[in-house]
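Summary of structural features
Next come the chains, spelled out residue by residue.
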Amino acid sequence: MQVRQLTAGYHDVPVLRNVTIEIPRGGIVTLIGPNGAGKSTLLRSIAGQLAPTAGCVLLGQEDLYGMSRQELARRMASVFTDKVRTELMTCEDVVAGGRYPYTGRFGILSEQDRRIVYDSMEITRVLDIGQRDYNKISDGQRQRVLLARALCQQPEIILLDEPVSYLDIRYKLEFMSALRRLAGEKGMTVVMSLHELELARHFSDRVLCVKNGCVVRSGPPERIFGQGYMRELFDIGAEYADGTAWERLL
Amino acid sequence: MKRVTNDKIDRPDGALCFGVLLILLALLLLLSLAIGSVPVSVKDILRSVGMGGGSVSDTVRDILWQIRMPRALAALILGGALGLAGYLLQTFFHNPIAGPFVLGISSGAKLTVALLTVFFLGRGVRVSSWGMIAAAFAGAVAAMGVVLVMSGKVDSMAMLIVSGVMIGYICSAVTDLVVTFAQDADIVNLHNWSKGSFSGITWDNVAVMGIVVAASAAASLWLSKPIGAYQLGESYAAGVGVDVRALRFLLVLLSSILAACITAFAGPVSFVGIAVPHLVKGLFRTAKPLVMIPACFLGGAVFCLFCDLLARTLFAPTELSISSVTAVFGAPVVIAVMLRRRRGGER
């Protein structure tokens, strides 16, 4: 996937300016950067949900905004931070919604669809809450249900906006390991934003630093973290230099 | 409260629920034909539709064919349309207390129909069924437009409803003015209609409303898959490939057509649109549109047949306006829904 000189924003106010990045097939690409830097906006543009005012997003050789919706939904899935409010929907119903681009006119699931739903729920470990009301589970469980939904789309690329923010440390590790496996075994491309720098460092193949609507630096995690660059990216002053373990990350 | 774990969704057998609704519908249809100032036996009803041997008197035949049948069918078709319109609007606005009446859409349609009727009656011309629907549709779309503008400005569900109710009051006030100062022998009919009633429906009306409602219901069912995805919110719908803009347009169009059709023939009918989807959801315990769309139609039909039966028999020969009966049964449902939301900690 390629992003070429992308400018995008809301109500004619550009949030991203002239962003050019290339995302290779397979592997985990993580966006880090301060709040409001434009990470979510970048993800939305890549997801086909925020048309650029200039530049383009290419998936393979094709312009993403010229592709059919169904084609795009089969190749790319996304989980954003929008709150989902459901009524009388079980977690399984929510996950099964991910089969949308594959089912027929009335959305009736085939045997194969059901198996994919089951497998996706197994990967994100939500099988045990399958029959529960989606409104009555925890935020962390919801994040895993929504990931299962995205997996159901059997995408080449999966876009995640702060996917582990509500998870406890064990589920954070499990979630990231699951993504690692998907990227490794199935050759899936994962593009996500993270605020957990230690996770970004450990699980990413490539890290993109976003600040003020631009990608200011990119590279493998060992070239990004522990060089003092995080201080610059997040504007962390010298008063927090206390010589503890944080130093190695920043 | 009483149940400790109510976070599992136990779904009853859908076919059974549909069976119950269909039986209720048949029963109420039969009762609507049988009960009235002249009681008609079930045997005579069957005979007059060509089932069972023997013949019936001309009076009974006329009562059934000219009065009770069109009326019962209208209650069935328009009731179904109301239930469906309510469901579509609730889905569109993600608002559980939306409906054509509270959002002022019915009242907008009522105003344009009243204007058209009075204008043409003054010139001695009768307005055709299609003309009535067209006028009602124009009013419904205008009111819907105002509601849509409002919904862009207010993000609270309650405020949207309040603005809808206000639009409704303004339209109703103007309608009352028009009706009051109109001078014609048919003013009594117009007056009854502007309060909401299934009386005076002709076979011609039934045919037209049948076509319009059947087409809209079929279109809704055709859209059940994207509607299901839309329930999760726009961004998730777009993520799986729904053309959200087109879907929103079609939802507005369909609910306006349905609301217009109801208002053109029966005037404003309150609370059915809000209450029926909730009653039906409570019965089926699902929100799947493929189930909900036919279920809301059947539920609305049952609800309206029941209320119309009460409206014309409770204080016979005086007839109640349909809205006063539907409000008695529908409004408590709305209150219950709001209380349950409050308890669930939602706005």
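In this report, the structure presented in the accompanying data block is examined. (Residues numbered from 1 in each chain as written. Chains lettered and ligands numbered in written order. Predicted model: local features only at pLDDT ≥ 70, side-chain atom pairs only at ≥ 80, totals over all residues. Heavy atoms only, no water.)

On to the overall build of chain A. The helix and strand tally for chain A stands at 10 helices and 10 strands. Taking 2.2 N^0.38 as the reference for a compact globule, 250 residues should give roughly 18 Å; the C-alpha atoms of chain A span a radius of gyration of 19 Å, in line with that estimate. Once the C-alpha set of chain A is aligned to its principal axes, its extents read approximately 55 × 40 × 35 Å. Burial statistics for chain A: of 250 residues in total, 51% are counted as buried. Carbon together with sulfur atoms contributes 47% to the accessible area of chain A, which is approximately 11,600 Å² in total. (Helix = DSSP H or I, 4+ residues; strand = E, 2+ residues; numbered from the N terminus. Rg over C-alpha atoms; globule rule 2.2 N^0.38 Å. Buried < 20%, exposed > 50% of the residue type's maximum accessible area, 1.4 Å probe, protein only. Areas by Shrake-Rupley, 256 points an atom, 1.4 Å probe, with all protein chains shown as cover.)

Further remarks concern the packing of helix α3 (residues 58-93) of chain B against helix α13 (residues 289-313) of chain B. Residue and element names in this part refer to chain B. Packing of α3 against α13 brings their axes to within 6 Å, and their N-to-C directions diverge by 135 degrees. What the angle tells us is that α3 and α13 run oblique. Relative to α13, the crossing made by α3 is right-handed. Grouping the constituent residues of the contact of α3 with α13 by class yields 16 nonpolar, 4 polar and 4 charged. (Axes fitted to C-alpha atoms, helices over the stretch in contact; angles between N-to-C directions. Parallel < 35°, antiparallel > 145°, perpendicular 65-115°, else oblique. Left-handed = near helix turned anticlockwise from the far one by under 90°. Nonpolar A, V, L, I, M, F, W, Y, C, P; charged D, E, K, R; others polar.)

So, about the nonpolar core. Core analysis: the biggest nonpolar cluster contains 102 residues, and L103 and F265 of chain B have the highest contact counts within it. Among the elements that line this core, the one with the most residues is α3 of chain B, at 18 residues. Once residues within four sequence positions are removed from consideration, L103 of chain B is found in contact with L89, F93, A98, V147, L160, I161, G164 and I167 of chain B. One finds V145, L194 and L197 of chain A together with Y236 of chain B within the second-largest nonpolar core, a separate group that totals 52 residues. (Core = buried A, V, L, I, M, F, W, Y, C linked by side-chain atoms within 4.5 Å. Contact = heavy atoms within 4.5 Å.)

Let us look at α13 of chain B. Under the 1.5 Å per step criterion, the end-to-end length of α13 of chain B is 35 Å for 25 residues, consistent within 8% with the ideal 36 Å. Most of α13 of chain B is tucked away, with 19 of its 25 residues classed as buried. (Expected span 1.5 Å × (residues − 1).)

This part covers the side chain of T41 of chain A. Residue and element names in this part refer to chain A. You can see T41 is positioned in helix α1 (residues 39-46). Exposure remark for T41: the relative accessible area of 6% places this residue in the buried category. In this structure the side chain of T41 is engaged in a polar contact, spanning 3.5 Å, whose partner is the side chain of Y10. Those residues in contact with T41 that lie beyond four places of it in its chain are A8, Y10, V15, L16 and L50. (Polar contact = N/O pair within 3.5 Å; in protein donor to acceptor, adjacent residues only side chain to side chain.)

Counted according to the given criterion, the structure contains 21 salt bridges over all chains. Across the pair E156 of chain A and R25 of chain A runs a salt bridge, and its minimum N-O distance is 4.0 Å. Pair noted here: E156 of chain A is in the loop between α5 (139-152) and β7 (157-161) and R25 of chain A is in the loop between β2 (13-22) and β3 (27-32), with a separation of 131 residues, a long-range link. Assessed through its relative accessible area of 27%, E156 of chain A is described here as partly exposed. According to the relative accessible area criterion, R25 of chain A is exposed, its value standing at 66%. Notably, a salt bridge pairs K288 of chain B with D93 of chain A, separated by 3.3 Å at the nearest N-O pair. In this pair, K288 of chain B is assigned in the loop between α12 (272-284) and α13 and D93 of chain A in helix α3 (residues 91-96), connecting two distinct chains. Among the charged side chains, a salt-bridge network with shared partners connects R25, E62, E71, R75 and E156 of chain A. (Salt bridge = Lys/Arg side-chain N within 4 Å of Asp/Glu carboxyl O.)

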